[in-house]
Amino acid sequence: MRRGFEKMTVVDTLQAAYSKQDLSETDKQYLFDFFSKKNYIHIKKEDIEKLFSILREITDKIALMNSFYPSDLETAFLRLEEFWKGISSIDFEQIPNTLRPLCISHLTFHRESIFDIIKEARSLLIEERREFLKRLVAYHREFSKWLQAIERKFVF
């Protein structure tokens, strides 16, 4: 049995690593179900925590752009863009008042995390990742503008 493991090639190892660079099917389905809701009045704290746990995982995959190791950045950016499309479509008026500050806190943390990734990418200047940096800067600009509007509306 052990001998089979020892015969893993570099290609097998890279394929295994790449397969972990996307969200699990369960997480992808959770996001789809969450963003398909028409009404968020009855969501619970656990729903919010799960949602932002997945966002942290996506953000971690985006941060791989600052690594010299191979990574599936195209898939990471696809997931980030899917999340962005979903979260920006939510009417925050429907989120219970008790959960809204938690959502905004998570979103603020995400904005700062993305800013840190951009800052590091600019200092590293990995040429083959330049297009990803441009995409991330554009995303951060749009996301920050959207979040500022949410904060002005709901943070007292």
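See above for the structure.
Rules and cut-offs
- Residues numbered from 1 in each chain as written.
- Predicted model: local features only at pLDDT ≥ 70, side-chain atom pairs only at ≥ 80, totals over all residues.
- Heavy atoms only, no water.
- 1 Å grid on protein atoms, 1.4 Å probe; cavity = no way out; pocket = protein on both sides within 12 Å on 5 of 7 lines; lining within 4 Å.
- Points joined across faces, edges and corners; volume = space filled by probe spheres on them.
- Helix = DSSP H or I, 4+ residues; strand = E, 2+ residues; numbered from the N terminus.
- Nonpolar A, V, L, I, M, F, W, Y, C, P; charged D, E, K, R; others polar.
- Phe/Tyr/Trp six-rings, centres within 6.5 Å; stacked < 30°, edge-to-face > 60°.
- Buried < 20%, exposed > 50% of the residue type's maximum accessible area, 1.4 Å probe, protein only.
- Lys NZ or Arg CZ within 6 Å of the ring centre and 35° of its normal.
- Salt bridge = Lys/Arg side-chain N within 4 Å of Asp/Glu carboxyl O.
- Contact = heavy atoms within 4.5 Å.
- Polar contact = N/O pair within 3.5 Å; in protein donor to acceptor, adjacent residues only side chain to side chain.
- Axes fitted to C-alpha atoms, helices over the stretch in contact; angles between N-to-C directions.
- Left-handed = near helix turned anticlockwise from the far one by under 90°.

### Observations regarding the layout of surface pockets
Here the largest pocket is characterised by a volume of approximately 210 Å³. Around the largest pocket, the lining residues are Lys28, Leu31, Phe32, Phe35, Glu82, Phe83, Lys85, Gly86 and Ser89. If you list the elements that add at least two residues to the lining of the largest pocket, you get helix H3 (25–36) and helix H5 (73–87). Grouping the constituent residues of the lining of the largest pocket by class yields four nonpolar, two polar and three charged.

### Focus on the packing of aromatic side chains
This model, assessed by the stated rule, comprises twelve aromatic pairs. Aromatic side chains Phe34 and Tyr40 sit 5.3 Å apart centroid to centroid with 50 degrees between the ring planes, which places their arrangement in the tilted category. You can call Phe34 buried: its relative accessible area is 3%. Relative to Trp146, the ring of Trp84 lies with its centre 5.3 Å away and its plane at 85 degrees, an arrangement referred to as edge-to-face. Placement of Trp84 in helix H5 and of Trp146 in helix H7 (residues 130–154) is noted, with a sequence separation of 62 residues between them. Here Trp84 and Trp146 have matching classes, each one buried. Taken together, Tyr30, Phe34, Phe35, Tyr40, Phe52 and Phe83 form an aromatic cluster joined through their ring pairs. It is Lys50 that lies over the ring of Tyr30; its NZ or CZ is 5.8 Å from the centre.

### Observations regarding the pattern of salt bridges
Under the counting rule described, the total for this entry stands at 13 salt bridges. The salt bridge involving Lys153 is made with Glu93; its shortest N-O contact spans 3.3 Å. Linking Lys153 in helix H7 with Glu93 in the loop between H5 and helix H6 (100–124), this pair joins segments that are 60 residues apart in sequence. Measuring nitrogen to oxygen at the nearest pair gives 3.4 Å for the salt bridge that ties Lys134 to Glu131. Taken as a pair, Lys134 and Glu131 lie in helix H7 at a separation of three residues, close to a single helical turn. The structure contains a network of salt bridges with shared partners spanning Asp22, Glu25, Lys28, Arg79 and Glu82.

### Some details on the environment of Arg129
With respect to the secondary-structure elements, Arg129 resides in the loop between H6 and H7. Through-space distance from the C-alpha of Arg129 to that of Leu73 is 9.0 Å; in sequence the pair is 56 residues apart. Beyond its immediate stretch of four places on either side in the chain, Arg129 contacts Leu64, Met65, Asn66, Ser67, Phe68, Tyr69, Pro70, Ser71 and Leu73. At 3.0 Å, the side chain of Arg129 and the backbone oxygen of Tyr69 are in polar contact.

### Thoughts on the packing of helix H4 (residues 45–62) against H5
Where H4 contacts H5, the two axes come as close as 9 Å, and the packing angle between them is 145 degrees. Once H4 is placed against H5, the crossing between them reads as left-handed. Counting all contacts with H4, which are made through Leu51, Phe52, Leu55, Ile58, Lys61 and Ile62, the residues of H5 involved are Leu73, Ala76, Phe77, Arg79, Leu80, Phe83 and Ile87.

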